[in-house]
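# Architecture and fold: a report
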Amino acid sequence: MKPNESASDHRKEREKYASRNLWTGILFGLGLVAFIDEVVFHQLLHWHHFYDKSTKDIGLVSDGLFHAFSWFATIASSFMLADLHRRHAFWLIKWLGGILLGGGVFQLYDGIIQHKLMRLHQIRYNVDIRPYDWVWNVIAALMIVAGLVLIFRTRHARTYTEGAES
């Protein structure tokens, strides 16, 4: 088989499984950002628990459930990623776009819905929360925009060089 045929076959498989690459990245990004949130803000800094409207014990249980969710999302996406590699259909740029999109959407949901609307917890207590909220939500928005740019770029992959790994 000629190298050009192999690249063409690889491109066809990537396009065939484009949405699976995207969803694998979204799930991984969601799990990754949830994991970072839980480890850094819940465990290392002790700034909050997933649910702060009850006792510390309930807060710790809620953190455990949150950690289990992030672990499940990360492991499930890892199996999906392995399947994409097995099929020679892995698309790095689309997957990275999915990671940024999934992580950003999760973080923005956490910052707006869980922090402000549901008031499950705040990023931090006994400080002026506004700078923390701004940084949290702006980073989330930037992740979403960067993810969408990468995803949009893969929609027009054929306009780039034929052998490129877009």
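Bear in mind that the values here come from a model prediction, so they are computed numbers and not experimental data. (Residues numbered from 1 in each chain as written. Predicted model: local features only at pLDDT ≥ 70, side-chain atom pairs only at ≥ 80, totals over all residues. Heavy atoms only, no water.)

Looking now at the overall build of the protein. The secondary structure content of the protein amounts to 5 helices and 0 strands. Going residue by residue from the N terminus, the α and β elements of the protein occur as α-α-α-α-α. Principal-axis analysis of the C-alpha atoms places the extent of the protein at approximately 65 × 30 × 25 Å. Restricting the contact set of the protein to residue pairs at least 6 apart, pairs at least 24 apart contribute 75%. Carbon and sulfur atoms provide 69% of the accessible area of the protein, an area that totals close to 9,800 Å². Seen as two clouds, the 18 positive and the 15 negative side-chain charges of the protein have centres 6 Å apart. (Helix = DSSP H or I, 4+ residues; strand = E, 2+ residues; numbered from the N terminus. Contact = heavy atoms within 4.5 Å. Areas by Shrake-Rupley, 256 points an atom, 1.4 Å probe, with all protein chains shown as cover. Lys, Arg positive; Asp, Glu negative; His and termini not counted. Charge placed at Lys NZ, Arg CZ, Asp CG, Glu CD.)

Now for the nonpolar core. Within the largest apolar cluster, 7 residues are counted, these being Tyr 17, Leu 81, Leu 84, Ala 89, Phe 90, Trp 95 and Ile 99. Put simply, the parts of the chain that give this core at least two residues each are helix 3 (56-86) and helix 4 (92-117). Once residues within four sequence positions are removed from consideration, Ile 99 is found in contact with Gly 25, Ile 26, Phe 28 and Gly 29. (Core = buried A, V, L, I, M, F, W, Y, C linked by side-chain atoms within 4.5 Å. Buried < 20%, exposed > 50% of the residue type's maximum accessible area, 1.4 Å probe, protein only.)

In this section: the environment of Leu 60. Mapped onto the secondary structure, Leu 60 falls in helix 3. Separated by 22 residues in sequence, Leu 60 and Glu 38 have C-alpha atoms that sit 11 Å apart.

Under the present numbering, the feature "transmembrane region" (unreviewed entry) in UniProt falls on residues 21-45, 65-82, 89-109 and 134-152. The span residues 21-45 shows a helical share of 96% and a strand share of 0%, and its end C-alpha atoms are spaced 34 Å apart. Note that residues 134-152 is 100% helix and 0% strand, and that its end C-alpha atoms are spaced 26 Å apart. (UniProt positions renumbered as here; feature names shortened; annotations may be inferred.)

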